[in-house]
Amino acid sequence: FNDGTAPGEGGEGGEGGEGGSESDATAIYSNNFDKTASTKTYGSGSQWPYLDEFDGWKNHAGTGAANVEYNYSGTSVRNNSNSDGEHSNYDGSGMNNIFFGTNAYIAVRNIDLAGATDLTLTFGTEKYSSTNGSVFTNSEYHIWLSNDGTKWVELTDYTFAGTADGRWNVATANFTVPAGTENLSICMQVDVASAYRLDDFKLVSSTTAGSSFFSVS
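Residues numbered from 1 in each chain as written. Predicted model: local features only at pLDDT ≥ 70, side-chain atom pairs only at ≥ 80, totals over all residues. Heavy atoms only, no water.

### Considerations on the overall build of the chain
A count of helices and strands for the chain gives 0 helices and 10 strands. Put simply, the chain has 217 residues, and 48% of those count as buried. If you take every contact in the chain between residues at least 6 apart in sequence, the share linking residues at least 24 apart comes to 76%. About 9,400 Å² of surface is accessible on the chain, with carbon and sulfur atoms providing 44% of the total. (Helix = DSSP H or I, 4+ residues; strand = E, 2+ residues; numbered from the N terminus. Buried < 20%, exposed > 50% of the residue type's maximum accessible area, 1.4 Å probe, protein only. Contact = heavy atoms within 4.5 Å. Areas by Shrake-Rupley, 256 points an atom, 1.4 Å probe, with all protein chains shown as cover.)

Below you can see the structure in the form of structure tokens.
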């Protein structure tokens, strides 16, 4: 989707079972997607579940996470190529991660900022593709911000810690929203199908995050 448009509607899952590690409750919003381990038993019986087929990825926590909602398309929950495995260069949570398929995105809506304006977003990510290269490329991985879930602004000023092909590492974005912004929605969208993954999504308040200013009004 483009500036000024909202992400399409995805499904809402029910309550999942217990298990997995907890997300960071001290953050504004945190999700390691590890409520219940995903299994490759969906579809014909040998496929990873899409987000509307399995809710074991809804493991959010944080001071602003109580009323979050999700939209998504083309994304599945996978328990392979884990962020704590041999192909990771950061200390990831492991277990589940979000795999971006065709025309894929995931949006987290209605994060309560409780007055915070200087923010830091971090997430683990990996690119691996046998046909489209395995170097993480910012211009292929888009981050969108909105304060109303309708008008979106792309956050382009973010860094990825890694340089090696096909390796998990951490991406970081520091940004400031206008005073009075009550809620924030964040959407991640990729241009290359079946190459990118997401884990350990976290938004925190920061005292040093004002170097990049993004108005989401």
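### Comments concerning the pattern of salt bridges
One pass over the structure, following the stated rule, counts 3 salt bridges. D24 is the salt-bridge partner of K202, the closest N and O atoms lying 3.1 Å from each other. One end of the pair, K202, is in strand 10 (residues 196-205); the other, D24, is in the segment before strand 1 (29-31), with 178 residues separating them in the sequence. A relative accessible area of 26% means that K202 is categorised as partly exposed. The residue K127 makes a salt bridge to E140 at a minimum N-O spacing of 2.9 Å. Taken together, the residues K127 in strand 4 (residues 118-127) and E140 in the loop between strand 4 and strand 5 (141-146) connect sequence positions 13 residues apart. Here the two residues K127 and E140 agree in accessibility, since each one is buried. (Salt bridge = Lys/Arg side-chain N within 4 Å of Asp/Glu carboxyl O.)

### Topic: the environment of Y90
Looking at the secondary structure, you find Y90 in the loop between strand 2 (69-78) and strand 3 (97-112). Y90 sits in the buried class, given a relative accessible area of 16%. Each C-alpha atom, one on Y90 and one on G162, is 9.3 Å from the other, the two residues being 72 residues apart in sequence. With sequence-adjacent residues up to four places away left out, Y90 is seen in contact with S83, G124, W168, N169, V170, D199 and D200. A distance of 2.5 Å separates a polar atom in the side chain of Y90 from a polar atom in the side chain of D200. (Polar contact = N/O pair within 3.5 Å; in protein donor to acceptor, adjacent residues only side chain to side chain.)

### Brief notes about the side chain of T75
If you trace the backbone, T75 turns up in strand 2. For T75, a relative accessible area of 2% corresponds to the buried category. In this structure T75 touches Y50, L51, I98, F99, F100, A104 and Y105, once residues within four positions along its chain are discounted.

### Remarks on the nonpolar core
Ranked by internal contacts, the top residues of the largest apolar core, which has 43 residues, are W57, L121, Y141, F175, L198 and L203. It is strand 3 that provides the largest number of residues to this core, a total of 6 residues. Look past the residues within four positions of W57 in its chain and what remains in contact with it is N31, F33, L51, Y70, Y72, V77, I98 and I106. Counting 5 residues, the second largest nonpolar core, distinct from the first, contains Y105, A107, W144 and C187. (Core = buried A, V, L, I, M, F, W, Y, C linked by side-chain atoms within 4.5 Å.)

The quantities given are spatial measurements derived from coordinates; they are silent on function.
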